[in-house]
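Here's the letter readout for the chains.
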Amino acid sequence: MEKLLIEGGKPLQGDVRISGAKNAVLPILASTLLAEGPMQIANVPHLQDVTTTMELLGRMGVSLTIDEYMNIETDTSTIQEFFAHYDVVKTMRASILVLGPLLARFGHAEVSLPGGCAIGSRPVNMHLRGLESMGANIEVKAGYIHASAKRLKGAHLVMDMVTVTGTENLMMAATLADGTSIIENAAREPEVTDLADCLIAMGANIEGAGTDTITIHGVKELKGCNYSVLADRIETGTFLVAAAITGGHIKLKDTQPKLLESVLQKLDKAGATISSGDNWIEIDMTGRRPKSINLRTAPYPAFPTDMQAQFTALNCIAEGSCAITESVFENRFMHVQEMQRMGANIKVEGNTAIVTGVDHLTAAPVMATDLRASASLILAGLVAEGQTVVDRIYHIDRGYECIEEKLAQLGAKIRRVPH
Ligand code: UD1
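Residues numbered from 1 in each chain as written. Predicted model: local features only at pLDDT ≥ 70, side-chain atom pairs only at ≥ 80, totals over all residues. Heavy atoms only, no water.

Caption draft 1: Summary view of the sheet that holds strand E3 (residues 39–42). As summarised here, the arrangement of the four strands in space is E4-E5-E3-E14, forming an open sheet in which the pairing is mixed. Each edge of the open sheet carries a strand with a single partner, namely strand E4 (63–66) and strand E14 (226–228). Neighbour-to-neighbour, the strand axes of this sheet turn through a mean angle of 20°, independent of strand direction. Pairing of E4 with strand E5 (residues 72–75) involves four bridges; the strand directions are antiparallel. Of the residues in E5, the one forming a bridge with Ile66 is Ile72. (Pairing = 2+ DSSP bridges. Helix = DSSP H or I, 4+ residues; strand = E, 2+ residues; numbered from the N terminus. Axes fitted to C-alpha atoms, helices over the stretch in contact; angles between N-to-C directions.)

Here it is as structure tokens:
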């Protein structure tokens, strides 16, 4: 199993390009199932989750081509089956995103239930309830969701809680439904808006994406289009923290500050100097130790749960104490035990971690447990004294494009070894 070796203590310097967003490209790839003609997607990040989604679509019979610049072309005219196997779904929960499009366009779908994962139970009840309200027949047996509908009907959907992929699945299903659907308490994440923009380019009639009420007027068919994926705000935030934790000064290109205002505000409070333009962000933390910052995760536009672990790492070496409250997932402090092994002072009480900053972290062998936890351990390694070894890094390859190359380009001493 591959590992990352990191020699801590180098302040990051230089420029880095931010990739397309994982959480936007996955629903956009699923949305190609709705298109009558070929579709071209650009700014696709080279990630394991993208490869997995291509495998998922490929196994259904969708034709896929990819060029050296990671532009993907899909064509669903060759589709043969409407089935998502457990083997694929278990490695990537976002596979559930094929359910809405398959059902809406082809009238049936068989998709494995995703099951739990390291950060919590993560049910899909709201995806299923929404589709049922749109007239689908849904049966769950032997671990598979069996869904069918002659044609979905528009419905008024009030979501019990904010769910990102739930909103996306139902929005995609509603594009081809008979009549108008309204999703209330919808997720407002920028990736939901990016998917809506892509669907609109395919001919869908959608209003209100980016607000908590999305209205979708069903149309008869959608066509293919060319679409370029939004920048990854979580990769952006992770590199910003990498600069802040090492006392560095870096510029991030091809990203947008408006996607992560809550994160930028916290970095400002931590003492960083931040400047930005429409498509770049610069952060300077030269010669400064970060100050502790309290935070609470919640759906967009509040502080993202996908940045919680990285800010836990930052607070480990900050001046002062803080409380970090995780309100989105039930079990998202798996990184804490590993950070404690590096000398961090963290106590977890329920869904809150109390972090008291220490002067320095000490390198240790650590194990990555999920995607964002892996990123946080790399960040801790960048500032720890000695050589940190991060094991089980296959998690990081699911969601960060070329992370060690990008960090090395900024001056970090980091390399991948086979085992
Ligand atoms: C998406 C993101 C993930 C991010 C998360 C929260 C993708 C591919 N993944 O995951 O990176 O961490 O949003 O911002 O976009 N819930 C239910 N029933 C449901 C659906 C969700 O109870 O039917 C609960 C979940 O258990 C969780 C909360 O709702 O506690 C939010 O989850 P959700 O927004 O659905 O997360 P994902 O869409 O899976």
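Caption draft 2: Expanded view of helix H7 (residues 190–201). Across its 12 residues, H7 extends 16 Å between first and last C-alpha, which sits within 8% of the 16 Å expected from 1.5 Å per residue. Those residues of H7 that fall on the buried side of the exposure criterion are Pro190, Glu191, Val192, Asp194, Leu195, Ala196, Cys198 and Leu199. The first or second residue beyond H7 is Gly203, which carries a positive phi of 110°. (Expected span 1.5 Å × (residues − 1). Buried < 20%, exposed > 50% of the residue type's maximum accessible area, 1.4 Å probe, protein only.)

Caption draft 3: Structural detail: the packing of helix H8 (residues 233–246) against helix H10 (residues 308–316). Running from N to C, H8 and H10 point in directions that differ by 5°, and their axes come no closer than 10 Å. Here H8 is positioned roughly parallel relative to H10, judged by the angle of their axes. On H10, the residues touching Ile234, Thr238, Val241, Ala244 and Ile245 of H8 are Gln310, Phe311, Ala313 and Leu314. A breakdown of the residues in the contact of H8 with H10 according to their chemical character gives seven nonpolar, two polar and no charged. (Parallel < 35°, antiparallel > 145°, perpendicular 65-115°, else oblique. Contact = heavy atoms within 4.5 Å. Nonpolar A, V, L, I, M, F, W, Y, C, P; charged D, E, K, R; others polar.)

Caption draft 4: Just the packing of aromatic side chains, in detail. Summed over the entire model, instances satisfying the criterion amount to three aromatic pairs. Where Phe303 meets Phe311, the ring centres are 5.0 Å apart and the plane angle is 85°; that geometry is what we call edge-to-face. Grouping residues by exposure puts Phe303 and Phe311 together as buried. Lys251 extends its terminal NZ or CZ atom over the ring of Trp280, reaching a point 4.8 Å from the ring centre. (Phe/Tyr/Trp six-rings, centres within 6.5 Å; stacked < 30°, edge-to-face > 60°. Lys NZ or Arg CZ within 6 Å of the ring centre and 35° of its normal.)

Caption draft 5: Fine view of the side chain of Thr255. When you line up the elements, Thr255 lands in the loop between strand E15 (249–253) and helix H9 (261–269). With a relative accessible area of 1%, Thr255 lands in the buried category.

Caption draft 6: Structural view of the site of the ligand. As a matter of local geometry, the ligand sits amid 18 residues, with Asn125, Thr163, Thr165, Asp306 and Val328 nearest to it. Within the backbone of Val328, one N or O atom sits 2.6 Å away from an oxygen atom of the ligand. Burial of the ligand by the protein amounts to 87% of the accessible area it has alone, namely 740 Å². Elements supplying a minimum of two residues to the shell around the ligand: helix H5 (125–133) and helix H6 (164–175). Considered class by class, the residues forming the shell around the ligand number nine nonpolar, six polar and three charged. (Near = heavy atom within 4 Å. Polar contact = N/O pair within 3.5 Å; in protein donor to acceptor, adjacent residues only side chain to side chain. Areas by Shrake-Rupley, 256 points an atom, 1.4 Å probe, with all protein chains shown as cover.)

Caption draft 7: The state of the cysteines, seen in detail. For the coordinates displayed, the defined rule picks out zero disulfides. As a non-bridged cysteine, Cys225 has Cys198 as the owner of its nearest cysteine sulfur, 4.5 Å distant. Counting only cysteine sulfurs, Cys316 is the nearest neighbor of Cys322, a cysteine outside any disulfide, at a range of 8.7 Å. Relative accessible area serves as the criterion here: at 4%, Cys322 is assigned to the buried category. (Disulfide = S-S within 2.5 Å.)

Caption draft 8: Just the environment of Lys153, in detail. Structurally, Lys153 can be placed in the loop between strand E9 (144–148) and strand E10 (156–158). Linking Lys153 and Glu139, residues 14 residues apart in sequence, is a C-alpha distance of 18 Å. With sequence-adjacent residues up to four places away left out, Lys153 is seen in contact with Met134, Ala177 and Asp178.

Caption draft 9: Quick peek at unusual backbone geometry. With an omega of 10°, the peptide bond running from Tyr300 to Pro301 counts as cis. Mapped onto the elements, Pro301 comes out in the loop between strand E18 (295–296) and H10. For Asn185, which is not glycine, the phi dihedral falls at a positive 60°. Mapped onto the secondary structure, Asn185 falls in the loop between strand E11 (180–184) and H7. We classify Asn185 as partly exposed; its relative accessible area is 29%.

Caption draft 10: Fine view of the sheet that holds E11. Strand order in the open sheet formed by four strands is E10-E11-E13-E12, with mixed pairing between adjacent strands. The sheet is open, and its two edges are formed by E10 and strand E12 (205–207), each paired on a single side. Between one strand and the next, the sheet's axes are offset by a mean angle of 15°, whatever the strand orientation. Relative to strand E13 (residues 213–217), E11 runs antiparallel, the two being bridged by five bridges. Among the inter-strand pairings, Ser181 is bridged to a residue of E13, identified as Ile216. Contacts from H6 reach E10, E11, E12 and E13 within the one sheet, and its direction differs from that of E13 by about 25°.

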